[in-house]
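# A structural walkthrough
Next come the chains, spelled out residue by residue.
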There are 4 protein chains.
Amino acid sequence: MGSALRLSIFGESHGCCIGAVLEGVPPGIPLSPEEINRELELRRPGRRLTTPRREEDRVEILSGVYMGYTTGAPLAMLIRNRDVDSSFYEQVVRHRPRPGHADLTARLRSMGFNDYRGGGPFSGRLTAAIVAAGTVAKKIAGLHGVRFYAYLRALGPAECPPPNGSAEDWIQQLQQLREERNKSTVFCHDAEASKEMEQALIEAMKNGDSLGGLVELWILGVPPGLGEPPFDTLDGDLAKAFFAIPGVKAIEFGTGMAIARMRGSEATDNLVLSPEGAPIPTPGHSGGILGGLSTGGPIVARIAFKPTSTIRLPQRTIDWRGLEETEMTGGGRHDPAIAVRAVPVVEAMAALVVADHLLRWLSWRLEHYHRLERGLEAEKENWF
Amino acid sequence: MGSALRLSIFGESHGCCIGAVLEGVPPGIPLSPEEINRELELRRPGRRLTTPRREEDRVEILSGVYMGYTTGAPLAMLIRNRDVDSSFYEQVVRHRPRPGHADLTARLRSMGFNDYRGGGPFSGRLTAAIVAAGTVAKKIAGLHGVRFYAYLRALGPAECPPPNGSAEDWIQQLQQLREERNKSTVFCHDAEASKEMEQALIEAMKNGDSLGGLVELWILGVPPGLGEPPFDTLDGDLAKAFFAIPGVKAIEFGTGMAIARMRGSEATDNLVLSPEGAPIPTPGHSGGILGGLSTGGPIVARIAFKPTSTIRLPQRTIDWRGLEETEMTGGGRHDPAIAVRAVPVVEAMAALVVADHLLRWLSWRLEHYHRLERGLEAEKENWF
Amino acid sequence: MGSALRLSIFGESHGCCIGAVLEGVPPGIPLSPEEINRELELRRPGRRLTTPRREEDRVEILSGVYMGYTTGAPLAMLIRNRDVDSSFYEQVVRHRPRPGHADLTARLRSMGFNDYRGGGPFSGRLTAAIVAAGTVAKKIAGLHGVRFYAYLRALGPAECPPPNGSAEDWIQQLQQLREERNKSTVFCHDAEASKEMEQALIEAMKNGDSLGGLVELWILGVPPGLGEPPFDTLDGDLAKAFFAIPGVKAIEFGTGMAIARMRGSEATDNLVLSPEGAPIPTPGHSGGILGGLSTGGPIVARIAFKPTSTIRLPQRTIDWRGLEETEMTGGGRHDPAIAVRAVPVVEAMAALVVADHLLRWLSWRLEHYHRLERGLEAEKENWF
Amino acid sequence: MGSALRLSIFGESHGCCIGAVLEGVPPGIPLSPEEINRELELRRPGRRLTTPRREEDRVEILSGVYMGYTTGAPLAMLIRNRDVDSSFYEQVVRHRPRPGHADLTARLRSMGFNDYRGGGPFSGRLTAAIVAAGTVAKKIAGLHGVRFYAYLRALGPAECPPPNGSAEDWIQQLQQLREERNKSTVFCHDAEASKEMEQALIEAMKNGDSLGGLVELWILGVPPGLGEPPFDTLDGDLAKAFFAIPGVKAIEFGTGMAIARMRGSEATDNLVLSPEGAPIPTPGHSGGILGGLSTGGPIVARIAFKPTSTIRLPQRTIDWRGLEETEMTGGGRHDPAIAVRAVPVVEAMAALVVADHLLRWLSWRLEHYHRLERGLEAEKENWF
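Cut-off values and rules
- Residues numbered from 1 in each chain as written.
- Chains lettered and ligands numbered in written order.
- Predicted model: local features only at pLDDT ≥ 70, side-chain atom pairs only at ≥ 80, totals over all residues.
- Heavy atoms only, no water.
- Contact = heavy atoms within 4.5 Å.
- Buried area = accessible area lost by both parts, 1.4 Å probe.
- Salt bridge = Lys/Arg side-chain N within 4 Å of Asp/Glu carboxyl O.
- Least-squares fit on C-alpha atoms with pLDDT ≥ 70 in both.
- Pairing = 2+ DSSP bridges.
- Helix = DSSP H or I, 4+ residues; strand = E, 2+ residues; numbered from the N terminus.
- Axes fitted to C-alpha atoms, helices over the stretch in contact; angles between N-to-C directions.
- UniProt positions renumbered as here; feature names shortened; annotations may be inferred.
- Buried < 20%, exposed > 50% of the residue type's maximum accessible area, 1.4 Å probe, protein only.
- Expected span 1.5 Å × (residues − 1).
- Arc of directions from axis to C-beta.

## Examining the interface of chain D and chain A
- Tallying the contact residues gives 35 residues for chain D and 35 residues for chain A.
- Buried area between chain D and chain A, summed over both chains or domains, comes out near 2500 Å², and the portion from carbon and sulfur atoms is 64%.
- Among the residues chain D hides against chain A, the three largest losses belong to Leu 62, Tyr 66 and Phe 113 of chain D. Together they make up 26% of the total.
- Applying the counting criterion to the chain D and chain A interface returns two salt bridges.
- Arg 80 of chain A is the partner of Glu 60 of chain D in a salt bridge, and the nearest nitrogen-oxygen pair spans 3.3 Å.

Here is the structure:
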């Protein structure tokens, strides 16, 4: 994943560990395991209203950092799995793929050789490696003034009121919104909505059921012109990254799906001048991206997560032995709503994509500065 | 775009031509310009209810085909632009970016050197090159039994009733659905809905306005296990490809956005056996993809297109000269609803992604057949 | 080929044309077909001591340039084939692969569907597309002070004396060396050696034979630190690019093959300070590259080209019909020594690789400038 | 590195560990740490005539293997560093880059943030990760009948006589050659030459000097048609991979550099039929590759390694403090000839490249089989 900033992840839910290798990290960025652990802490299992699985999720930096700074060499990170219980998988899932999970497709793809314990490499557990890598990406992007903020916009029936105010207000409030959000058990900064969501979730858990959810993402301070059309568009790369998060079924930018029912006179942003004199599309139907390129305005996306497929109610499935239809009831340990802990993952994925495009874009900029400054002579002399 | 099957496109709306280079095409596939022209005909401008721009859109195969068969060498295709009128762009757009278009972002990205005539490389015109390449991809995928079908599911307020029946029924009806669809001026196979959409569009045009639309895509007959997680998921690669089509703002698979509001007991597919004895998730909330891999069931996606941004009503924009706010009214020639002609483009993009993943997947399969057949001896002998 | 600057080429020797698509070209670079034609002129067939095939080799820029400047969009270029005669190929090569050519392997790879006329896509003819793209790459690299110079170091028995003086001297002499070289029918700046080479070549042609040759390449003014280890090393990427030129059998940097027989005390460069106070390895056994990264000193490489395989003397081959051994005598039109016209191709390939690495490297640099300038505050503020 | 089979490596010479992540490994390949350790044992330091550094080099498989078989998920491997002594580097190299090493260029690339201890990521130590990954690649390629054999062809003045006999003979002798080679302290199967090389090396060590060497590689049983021209040629990808091994300065295939001085009548292989009736170029000037594609004959390459740059004789270098010229004498621990332990690394690199191209090539083959078998109907039915 990525071109200038390239990420590989590895590991399985019930293997010894999970990890990430990040290539193309510029040298000289201060980085400590503590910073990464802080981010990991946000998605760590074992908090209230999440899976009972207890994981410390402490990262070990294997390479790419020396004396507290990145060296520019591949940055490898490792997170050990500690609290593993495969009994349910070895007894049940081995023969009966869990409906709604990758058990079926993973087995077909790997011709029966997949590690099905806890979903193996398809487990949400892998997102810890993404969050770890995202921490580095956030520092690269942050240095250029880019900020990321995701929160739970809806959980089943409960919804968080959309933010009001301008992008400028959002940047002002960012720190406070984050604090509110992190206090919430469901990553929603609105105290009231947070309580409703919590209630809905507890209700669902009581019934042995689970809930879907909607995560909203803001990317603020992105310089205009990021993206590499025709195919490496900024929205396309973001969407592709989000679909790599387990449970995602839909993605929309700005006005999103609703725009299909609108008229051009309603749905088209006007171009106005920001206080700083930069042209900005407003009110933001475009979601901050036009022609696959960032506009300089806030990028707003919403990602729909399906409810956890494993529930404590009976579901129909098949049994590989004899290939016959049968029933099963959810076992193993899991979150009642994957959307909740996906919030920090969405931020991390967004940071990885934006940092990658920032690095690609910077080369054109410097190339341009050089030309401005040396262009005239450069024209004169024989370049060959 | 792509890994085993790689596509590059080039050209500008008002340049001499547009084109595509497709690398990784297997040798021995019969291919004629006529086949490609047939597909191009579907999206060709100048049909009723589309832009008045008249383009013949006849492809010239420059390389990669000999004696009527692909050779395995890069396949280059060229489509000349014939009916070009840049007056509006040179007089107006040069200084005033059109709201809702890439004029603004393209200029910022290219530091003022972009070709803004007709949107340059950001024009929907480029999708003709994608349709041409998609024709080849459809033949590769078609050979393995994969079929693609897209149609206009909604246009502004008008909607086409969702299809009923099973995937098997769809495959049976495919030929007929296509014929109905191609008769429709708005690419909708339902005669009644087609008429409503047409009315809505004429209405909008009367008011100098435009309409957004929703394209639904089916991919039938995809073998299970296609996709390369963690990052090259099948849904992720499809989504990225669709965002490369101008005007796309949202993408959903299966139940899509709505799944965020559902409970696990409603939203999870059960696993049952197909008549052929293959395990299939049903009723299809997953949209035919689980864990980023095809399930073997029908892949269903919906892509939301914004209304054409250029309308004949006044819009606010800025003027680069003096960087001041101003007004403009749409000029140039354009479709009143980009979703309509996007239908064949969605099919082409889907074919390019699926053919790419098919080719990647085939190598694992053959690798596996070899092993099954030679495995035992292979184990015995010293491999090094 | 390439990461930040990506090249695709297409076409066949006896097809309608050949072409190139170059992606990632920064915007704002002045570019005209004339500049490209000037470079093409150097390798154009039909000059003395080369193939009698007459080709005008005039480039048509299809996209990516507007008002005389690159736009940043994909840059497509086309060169038409005019003087095509396929008789020999259709009568002979169709059944009898030419020894030493790709006829055999191309047919096996493409399962019999390859275009064998003139070698199809394996023809040296394709190098015209590389030279065209290289012209753009030279402008990108030239702007940053990088200069490329290749010449014929040896042709069969005849050899050009190695250059003397320092890298500084070479840069001074570059213009003059180029003029001398371009006057020579064999691209050698040394008048005497040039005459010997010419004699050797005429001699070989008299006997219906051909000659191998050695091309030496200098890359001057490369900033230190270019290259992306572990795998995208600068020498590795250069070597890979050179092996894409037909007829290359060996590549060496600096002291090259001979270093295998030396002792460390002889073969290791010392580090000294250049007049400008930059540390430079000298005398240059390393060839200007250490650890896959440029040292800042001159990069010196030598590329060995085999003799043209097609000669007017009988050779043994096989006949596909009945798969039996047989004989053939060279036909078609060809150069008596491919090394001669490879000289401008080597320069173009080197420019494409260096420009690509320059663009990748610039992003790290600017990233670093930003940090230096904003680093302190950046440290203070919360990056997340 | 790689397209269908992708390798990332990480780690530093004096960091906690080194590792590799291999993506695209087909599922169902039996793999145990022991197999990998056997290969690692060959290049393990601490054997006679190599660095005194003692490393156990035992691999830990972190992911991608379940129940003894590969799963198709990313395969991560870790090798801990145990015997680390950085004193010389922290006291000397920190300020004085070692001549002939990447200390200089690494520092310039990373703007001073590189880990210089033991050469950091530029150390030959990293090749252990490549050998580990190569073990898997050898199993993939081995299954298809491809065999790899490398040996020390020359060490300073001493040379091993070239092999005689045909490719068939070589395959017969392979097992025995390997045993002889592995007994030799310098990886040369010829007992006499081995003794000479050993003497030369001991001599050099006595004088505090080091020796360069030449490694010869054979790849046997490669099916014809492997490679992806125009740019991903088989020789190009092999060359690029070899240049990623520290100390490589030149690479040649078949007749190599010498071919530049030859005539076509001497240097061109004839095509004859093998005993099995396959057309084979002979005697093998082409080195088993034509047009960037494998011929089906043995692939023969020679790789030139420079002498270890660190010697116990004084060398000139610069001191970063005050940027002044100074002297230094080699410290740290190192091999007296890097070519010796490079032998297994060359085999591993070759296996990684060939396995990657095998996987890419298999998809075309199966694609073709399908067409042969279903082609007729496929032609008939409407593919769209």
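## Section: the relation of the copies chain A and chain B
- When chain A is fitted to chain B, the best match, at an RMSD of 0.0 Å, comes from turning it 180° and sliding it 0.0 Å along the axis. Taken together, the rotation angle and the small translation identify this as a two-fold axis.
- The fraction of interface residues of chain A whose copies in chain B are also interface residues reaches 100%, indicating that both copies meet through the same surface.

## Here's the deal with the sheet that holds strand S8 (residues 158-159) of chain C
- Taken together, 10 strands build an open sheet; the order of strands is S8(C)-S7(C)-S9(C)-S15(C)-S10(C)-S10(D)-S15(D)-S9(D)-S7(D)-S8(D) and the sheet is antiparallel. Each edge of the sheet is formed by a strand with only one pairing partner; in this case those strands are S8 of chain C together with strand S8 (158-159) of chain D.
- Both strand S7 (residues 147-155) of chain C and S8 of chain C contribute to a ladder of two bridges, which runs antiparallel. Paired with Leu 155 of chain C across the strands is Ala 158 of chain C, a residue of S8 of chain C.
- Set on the sheet, helix H5 (residues 167-183) of chain C makes contact with S7, strand S9 (213-220) and strand S15 (299-305) of chain C; between it and S7 of chain C the angle comes to about 55°.
- Of the strands in this sheet, strand S7 (147-155) and S8 of chain D touch helix H6 (residues 191-206) of chain D, which is tilted by about 50° from S7 of chain D.

## Remarks on the UniProt feature "binding site: NADP(+)" (unreviewed entry) in chain A
Residue and element names in this part refer to chain A.
- Listed under "binding site: NADP(+)" (unreviewed entry) in the UniProt record, and renumbered for this structure, are Arg 43 and Arg 48.
- Assignment of secondary structure puts Arg 43 in helix H1 (residues 33-43).
- Note on Arg 43: relative accessible area 2%, which makes it buried.
- When sequence neighbours within four positions are dropped, the list of residues in contact with Arg 43 reads Asp 57, Gly 124, Arg 125, Thr 127, Ala 128, Val 131, Arg 341, Pro 344 and Val 345.

## Brief notes about helix H6 (residues 191-206) of chain A
Residues and elements named next belong to chain A.
- With 16 residues, H6 ought to run about 22 Å at 1.5 Å a step, and its terminal C-alpha atoms sit 23 Å apart, in line with that.
- Here H6 has its buried residues at Ala 193, Ser 194, Met 197, Glu 198, Ala 200, Leu 201 and Ala 204. The buried residues of H6 all sit within an arc of 165° when viewed along its axis, so they share a single face. With respect to the buried face of H6, the exposed residues turned more than 90 degrees away are Ala 191, Glu 192, Lys 195 and Lys 206.
- Immediately downstream of H6, the backbone of Gly 208 shows phi near 65°, a positive value.

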